[in-house]
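Structural characterization, general
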Amino acid sequence: MMTTETTPTVQVEGLRKTFYDESRGEVHAVDGIDFDCRPGEVFGLLGANGAGKTTTLRMLSTVLRPTGGRARVMGHDVVTEPEAVRESLGFYSASTALYPRLTARETLEFFARINRYPPDRVPERVEELVDRFGIREYERGRVEKLSSGMKQKVSIARTVAHDPPVLIFDEPTVGLDVLNALEMVKVIRELRDEGKTILFSSHIMSEVEKLCDRIGVIHRGRMLAMGTLEELRELTGEHYLEDIFVHYVTRTEGVEGVELGAMGELEPAAPGDGEGAEESIPQGADAGGEEA
Amino acid sequence: MNLRSIWILYVRELRSALRERTIVVNSILMPIFLYPVMLWVLFSGFNLVQGLSEGVTSRVIFTTPAPAGHGELLDSIRAREGMSIVGWENLANAREVSESGALEGVPLFGEGEALARLREGNADVVVTFFEPPPEGQALPGNFRVRLRYDRAEGRSVQARDRVEAVVEVYRNLWMVRQAGTLGIDPEARFQFALSSENVSSSQDLGAMVLAQLISFFLVIMVALGCFVPAVDTTAGERERSTWETLMTVAASRASMVTAKYLYVATLGIAAGALNVVALFISIGAVIRPLLEDAGESITFSIPLKAIPIMMAGAASLAFFFAAAMMILASFARSFKDGQAMVQPVYWLIFLPFILGGQTDRNLTPAIASIPVANVSMMIRDAVTGVFIWPLIAQTLIVTLATVLLCLVAARYVLRFEDFLLGSFDGSFWRFVRDRMSAGKNGTAY
């Protein structure tokens, strides 16, 4: 499918995920969220642990099947065309490890091939990745023997091995030291600058502030707010993202009847539903390749 | 399903597996070296035990003097290597046993003391001579011997055997002499003779040995070949956190499972095939020379028709073990848990032993309906040249039906994403129980 800069590469509408838990019964991990992302944009999902970020990203990567709503990646539906969706994206998270008994080079070859990169161009692509991520020195070393920093590089390289237009980074800096975390942020910026659509989830405010063109605040499976950092500042009157986040969370926890608009903006509650929020966050316009 | 994806995933699995020591040892080295090592250990152990037992001295106690004229018997006992007469060595005036008086210089023990020594382990066998009953007294010099020993003690049993052997040899010589004295031709003293003749050929003997070995060890080796790969590719993936990585690649779930399944079955088949090849090499190099040294004539060969039967048997077993083990191991979150969960399948390898291994029967319709045991019996029959085609077909159909059942179960289980993502906390049996009960259907993918 052809995609222009104005066409969303990721479209999420009323996405829902309900789990059954023996002790808690039905758990609404994701409760009808909406957003979209465009090429050259880093869209950040900001939320506390258990807010529903990972579940959302897992549904987008087709690891989980949505209970309701729709999601499309590069025009492919996550339910009906899961393989095409996976071909269009790269998924990176702390829970996606590398095969320890393959070498770095074999890892890149495997992920390029299995994700349907043109077979005749795989060797060339691997060379490119080896050079780009500085893997040359240990390309023949088995992953299990590499340091965590080296593994991180191989892991990012394997995520982009098939050159997907959409990349998902689910809490990518968890467990990394400061230098490696900075390196990760740098790589994500570069990928954004190349025109990739990037979905980034984190609970680390500073990372989100530095990296994301638009931010979605997610809490208890619901999108509380969405916009650029400046927009969120204006709406809340808070400067720091941490305060902005707390603003929305406490408001939701403390005020009944807060509802979200179709695209995630806060809307006044229906009469009789208690106090409602008067503010409305306009949907993030095309972020293009601008830096946050 | 996409064949290219399956191939890429399959090669990846195989490449990783061949770099894992546990898999290489269990699925490749063990099948190759089982027979040579097992035979070497067996024969070394046998020789060691035999050597040790030969080196043990049997302590003999006499409670009565030897009958007159039988001093030679005592000489034979004393002269037998590995035997000593208790008290003899301490006797200052020990003399050779005289022809007439016998037992001159041989210390005698009272019944009570002799038995006490035997029970305390200070003697191994107690020898007592008796007068023969009246009907036996017609033959001059006739006598009886009673040997008392402790069956709970190996060396006591051995001492009894040694004394018995000496008495037996002495008796035969004495009988020959007596026959001569009475003017009877020594050969004529035998009223009838018993002889037995083996009508089986050296090929038959070889086929019997091969059938026993192959039918049992092939099952073990195929199961062993599947065991570690099945656990590694499921529970191992979860433990290494590569499961979710795999779930995000652009291949269908069916392709992923198929690749894994083929990989586990491949190693099972490889283990079985290597085992059979190793058996033939070992037999040529180890067993045959040993048997020839022992004077046995044996030829190891199998009918050509048996080869495809063995291959089909090994393959069907591998597909069965792979499916069953993978399903159970998929519920584990770690390699160790996976090993424990797969154990019930592993114990199935003893079915052939229980159902078919102890009888000399051929494959029957009843046994052909029992998975694992049927394949083992089918192979045993084929190696010995017995081909009951309807039962062979029944065996393969039953095994394939079992495989199919496992795959249907796997397909059912894979629909549930709590299982798929490893968040289901329990075994296969708990899963079946929970999902079968109303209202707990989980989320089906």
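Please refer to the structure higher up on the page.
Before going into details, it helps to say that this report is about the structure given with it. Since this is a predicted model, take the numbers as computed values, not measurements. (Residues numbered from 1 in each chain as written. Chains lettered and ligands numbered in written order. Predicted model: local features only at pLDDT ≥ 70, side-chain atom pairs only at ≥ 80, totals over all residues. Heavy atoms only, no water.)

As a further point, take the pairing of strand E1 (residues 58-62) of chain B. Residue and element names in this part refer to chain B. Burial analysis of E1 places five of its five residues in the buried class, which makes it a mostly covered element. Taking every second residue as pointing to the same face, both faces of E1 are buried, with Ser58, Val60 and Phe62 on one and Arg59 and Ile61 on the other. With three bridges connecting them, E1 and strand E2 (residues 83-85) associate as parallel partners. Residue pairing for E2: Ser58 is matched across the bridge by Met83. (Buried < 20%, exposed > 50% of the residue type's maximum accessible area, 1.4 Å probe, protein only. Helix = DSSP H or I, 4+ residues; strand = E, 2+ residues; numbered from the N terminus. Pairing = 2+ DSSP bridges.)

With that settled, the discussion passes to the interface of chain A and chain B. The interface is formed by 34 residues belonging to chain A together with 37 residues belonging to chain B. Of the roughly 3300 Å² buried at the junction of chain A and chain B (both faces included), carbon and sulfur atoms supply 53%. Remark: the boundary between chain A and chain B carries five salt bridges. Two residues, Glu244 of chain B and Arg58 of chain A, come together in a salt bridge whose shortest N-O distance is 2.6 Å. (Contact = heavy atoms within 4.5 Å. Buried area = accessible area lost by both parts, 1.4 Å probe. Salt bridge = Lys/Arg side-chain N within 4 Å of Asp/Glu carboxyl O.)

Let us now look at empty space enclosed by the protein. Counted according to the given criterion, the structure contains two cavities of 30 Å³ or more. Of the volumes computed, that of the largest cavity is approximately 70 Å³. Lining the largest cavity we find Tyr99, Pro100 and Arg101 of chain A together with Arg12, Glu13, Ser16, Ala17, Asp232, Thr233, Glu237, Arg240 and Tyr263 of chain B. Those elements that place two or more of their residues in the lining of the largest cavity are helix H1 (3-17) and helix H6 (202-240) of chain B. (1 Å grid on protein atoms, 1.4 Å probe; cavity = no way out; pocket = protein on both sides within 12 Å on 5 of 7 lines; lining within 4 Å. Points joined across faces, edges and corners; volume = space filled by probe spheres on them.)

You can see Arg116 of chain A is positioned in the loop between helix H3 (104-114) and helix H4 (122-132). Separated by 47 residues in sequence, Arg116 of chain A and Asp163 of chain A have C-alpha atoms that sit 10.0 Å apart. If we ignore the near neighbours within four places in the chain, the residues touching Arg116 of chain A are Glu83 and Glu87 of chain A together with Asn2, Ser5, Ala250 and Ala251 of chain B. Looking at Arg116 of chain A, its side chain comes within polar contact range of the side chain of Glu83 of chain A, at 2.7 Å. (Polar contact = N/O pair within 3.5 Å; in protein donor to acceptor, adjacent residues only side chain to side chain.)

Moving on: the packing of H3 of chain A against H4 of chain A. All names here are of chain A. In the contact formed by H3 and H4, the axes pass within 10 Å of each other and the chain directions differ by 130 degrees. Taken together, the axis directions place H3 and H4 in an arrangement best described as oblique. As H3 packs across H4, the resulting crossing turns out to be right-handed. The residues of H4 that touch H3, namely those facing Arg105, Leu108, Glu109, Ala112 and Arg113, are Val122, Val126, Glu127, Leu129 and Val130. Its residues assigned to classes, the contact of H3 with H4 shows six nonpolar, no polar and four charged. (Axes fitted to C-alpha atoms, helices over the stretch in contact; angles between N-to-C directions. Parallel < 35°, antiparallel > 145°, perpendicular 65-115°, else oblique. Left-handed = near helix turned anticlockwise from the far one by under 90°. Nonpolar A, V, L, I, M, F, W, Y, C, P; charged D, E, K, R; others polar.)

All right, on to the packing of aromatic side chains then. Counting across every chain of the model gives 12 aromatic pairs over all chains. For the pair Tyr99 of chain A and Phe110 of chain A, a centre-to-centre distance of 5.8 Å together with 80 degrees between the ring planes defines the contact as edge-to-face. Of the two residues, Tyr99 of chain A sits in the loop between strand E6 (89-93) and H3 while Phe110 of chain A sits in helix H3, which places them 11 residues apart along the sequence. One exposure class covers both Tyr99 of chain A and Phe110 of chain A, and it is buried. Put simply, the rings of Tyr99, Phe110 and Phe111 of chain A pair up and form one aromatic cluster. Above the face of the Phe110 of chain A ring, Arg12 of chain B is positioned so that its terminal group lies 5.9 Å from the ring centre. The aromatic ring of Trp243 of chain B is capped on one face by Arg238 of chain B, whose charged end is 4.5 Å from the ring centroid. (Phe/Tyr/Trp six-rings, centres within 6.5 Å; stacked < 30°, edge-to-face > 60°. Lys NZ or Arg CZ within 6 Å of the ring centre and 35° of its normal.)

We now examine helix H5 (residues 154-181) of chain B. Residue and element names in this part refer to chain B. Compared with the 40 Å implied by 1.5 Å per residue over 28 residues, the 40 Å span of H5 between its first and last C-alpha is a close match. For H5, the full list of buried residues reads Ser156, Gln158, Ala159, Arg160, Arg162, Val163, Val166, Val167, Tyr170, Trp174, Gln178 and Ala179. Downstream of H5 by one or two residues, Gly183 has phi in the positive range, about 80 degrees. (Expected span 1.5 Å × (residues − 1).)

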